[in-house]
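# Per-entry structural report
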Amino acid sequence: MSVDSSAAGTPRRSAAGKAGTTGSKTGTKRTTSRTTTKKSTEPELVQLLTPEGKRVKNAEYDAYVAGITPEELRGLYRDMVLTRRFDAEATALQRQGELGLWASLLGQEAAQIGSGRATREDDYVFPTYREHGVAWCRGVDPTNLLGMFRGVNHGGWDPNSNNFHLYTIVIGSQTLHATGYAMGVAKDGADSAVIAYFGDGASSQGDVAESFTFAAVYNAPVVFFCQNNQWAISEPTEKQTRVPLYQRAQGFGFPGVRVDGNDVLACLAVTKWALERARSGEGPTLVEAFTYRMGAHTTSDDPTKYRADEEREAWEAKDPILRLRRYLETANHADEGFFAELEAESEALGRRVREAVRAMPDPDNFAIFENVYADGHALVDEERAQFAAYQASFADVEGV
């Protein structure tokens, strides 16, 4: 189902020469970038599950989830629940001083699990630093995500083992890496695809615009998956764009589609469509998952200083996990035994994460001086000696 506050219609994709108007097929008037803002009528978005958990039809995207089984639906629910439990545990560990920082995904579970489960094993994923749910889908152990945030490594997994790149802190730069990788995939003649994740804030970065240009010109098999969680730290989306983010794709000559980012089925279907399009040689797609960051940008942030409680409460009513649970219960696809068993599994995951983090060995304090210069350097040697003396001073104090 496509939801539009002004008119019902088929899901809209903006692209040069293809469904390029911003009105629906029911004949709504074309809207220009000069008049379209977040405060005006919101554009339609692809939705298969309503916030109340009701399954609705969509003529264009139903085919991509038509064969989904009750077991697979329970699997999507399990993915979201365990991802949220891991995220909550990581936040608690940071508050206890076990992690230096944590970027929560709270509220964005459907966007990440739906899109992550749409990928094939041979696809390659380029995340930012918040894609914990996608990492789960790619088979990365949750405890491996925490080493960087604890400061003991630069990422605890081999990207080539899961086709899941290390987390990228520099905002938007991974879209360039993804585009270049996708261009290489195309030159190799492979039928796999690449997906790059970024947020609404990153969409304002020049790296993202450059990625769009290269991907379009070279018809790269890449999906740009933007999680529009409404806030780039403390900046709302309307301070960054006068048009819905998915419509930006039109200016670069490839399709864009907005999907309900709190609807795991819709995210699964739309991402499958976009990835299949990439694999078949039709080029890039921009998917805007319209969702909400329920927590802080990171644990160093206080969202109460820049957004109202009423806004969060309105989005809590659209909670992605509760939405799917309602559907599972209404359709008799899950019973209380399933939910109880999952709750026990969730608690076990929390304990495992706590134990793993606290057992992580401290890094070698002198490793930062290695591999700076190929043949060594007098200044680095001097700094190493100064640091050694500084470290030794603590031992002297402890011995007093």
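Here, every reference points to the structure presented above.
If you're wondering where the values come from, they're calculated on a predicted model, not measured in any experiment.

### Brief notes about the packing of aromatic side chains
One pass over the structure, following the stated rule, counts 30 aromatic pairs. Judged by centre distance (5.2 Å) and plane angle (50 degrees), the ring pair of Trp231 and Tyr306 falls under tilted. With Trp231 in strand S7 (residues 231–232) and Tyr306 in the loop between strand S10 (285–290) and helix H10 (309–316), the pair connects residues that are 75 residues apart, well separated along the chain. Taking 6.4 Å as the distance between ring centres and 35 degrees as the angle between the ring planes, the aromatic pair formed by Phe366 and Phe369 counts as tilted.

### Some remarks on the packing of helix H1 (residues 70–95) against helix H11 (residues 320–330)
Remark: H1 packs on H11, axes separated minimally by 10 Å, with the N-to-C direction vectors making an angle of 150 degrees. Between H1 and H11, the angle is such that the two are roughly antiparallel. Crossing geometry of H1 relative to H11 is assigned as left-handed. Only Pro320, Ile321, Leu324, Arg325, Tyr327 and Leu328 of H11 make contact with H1, whose side of the interface consists of Leu73, Arg74, Leu76, Tyr77, Met80, Val81 and Arg84. Classifying every residue of the contact of H1 with H11 gives 10 nonpolar, no polar and three charged.

### Brief notes about empty space enclosed by the protein
Here the structure, examined in full by the defined rule, presents three cavities of 30 Å³ or more. For the second largest cavity, the full set of lining residues is Phe198, Ser203, Phe212, Cys226, Leu245, Arg248 and Leu286. For the lining of the second largest cavity, the per-class residue count stands at five nonpolar, one polar and one charged.

### Some remarks on helix H12 (residues 336–358)
For H12, with 23 residues, the first-to-last C-alpha span of 34 Å sits near the 33 Å given by 1.5 Å per residue. The complete set of buried residues in H12 reads Phe338, Phe339, Leu342, Ser346, Leu349, Gly350, Val353 and Val357. Contacts from the buried residues of H12 go to H1, helix H3 (132–137), helix H4 (146–150) and H11. Of the residues flanking the start of H12, the one acting as N-cap is Asp335, its side-chain oxygen 3.2 Å from the backbone nitrogen of Gly337.

### Considerations on the layout of surface pockets
Any empty space left between the atoms is revealed when a probe the size of a water molecule rolls over them. The volume enclosed by the second largest pocket comes to roughly 300 Å³. Tyr129, Gly199, Gly201, Ala202 and His297 are, among the 20 residues lining the second largest pocket, the residues nearest its centre. Elements that contribute at least two residues to the lining of the second largest pocket include exactly strand S5 (194–199) and S7. Looking at the lining of the second largest pocket residue by residue, the class counts come to seven nonpolar, nine polar and four charged.

### Some details on the nonpolar core
As a rule of thumb, soluble globular proteins bury nonpolar side chains together. One finds Tyr77, Leu146 and Leu324 to be the most contacted residues of the largest nonpolar core, which totals 66 residues. Of the residues forming this core, the biggest block, 11 residues, is contributed by helix H9 (residues 264–279). Core analysis: the next-biggest nonpolar cluster, separate from the first, contains 21 residues, Phe126, Val208, Phe224 and Ala249 among them.

### Brief notes about the pairing of S5
Counting buried positions over the six residues of S5 gives five, a clear majority of the element. Relative to S5, strand S4 (residues 124–126) runs parallel, the two sharing three bridges. Bridge pairing links Tyr124 to Val194 in S5. Summarising the sheet, S5 and strand S6 (residues 222–228) pair through six bridges and their orientation is parallel.

Rules and cut-offs
- Residues numbered from 1 in each chain as written.
- Predicted model: local features only at pLDDT ≥ 70, side-chain atom pairs only at ≥ 80, totals over all residues.
- Heavy atoms only, no water.
- Phe/Tyr/Trp six-rings, centres within 6.5 Å; stacked < 30°, edge-to-face > 60°.
- Helix = DSSP H or I, 4+ residues; strand = E, 2+ residues; numbered from the N terminus.
- Axes fitted to C-alpha atoms, helices over the stretch in contact; angles between N-to-C directions.
- Parallel < 35°, antiparallel > 145°, perpendicular 65-115°, else oblique.
- Left-handed = near helix turned anticlockwise from the far one by under 90°.
- Contact = heavy atoms within 4.5 Å.
- Nonpolar A, V, L, I, M, F, W, Y, C, P; charged D, E, K, R; others polar.
- 1 Å grid on protein atoms, 1.4 Å probe; cavity = no way out; pocket = protein on both sides within 12 Å on 5 of 7 lines; lining within 4 Å.
- Points joined across faces, edges and corners; volume = space filled by probe spheres on them.
- Expected span 1.5 Å × (residues − 1).
- Buried < 20%, exposed > 50% of the residue type's maximum accessible area, 1.4 Å probe, protein only.
- Polar contact = N/O pair within 3.5 Å; in protein donor to acceptor, adjacent residues only side chain to side chain.
- Core = buried A, V, L, I, M, F, W, Y, C linked by side-chain atoms within 4.5 Å.
- Pairing = 2+ DSSP bridges.

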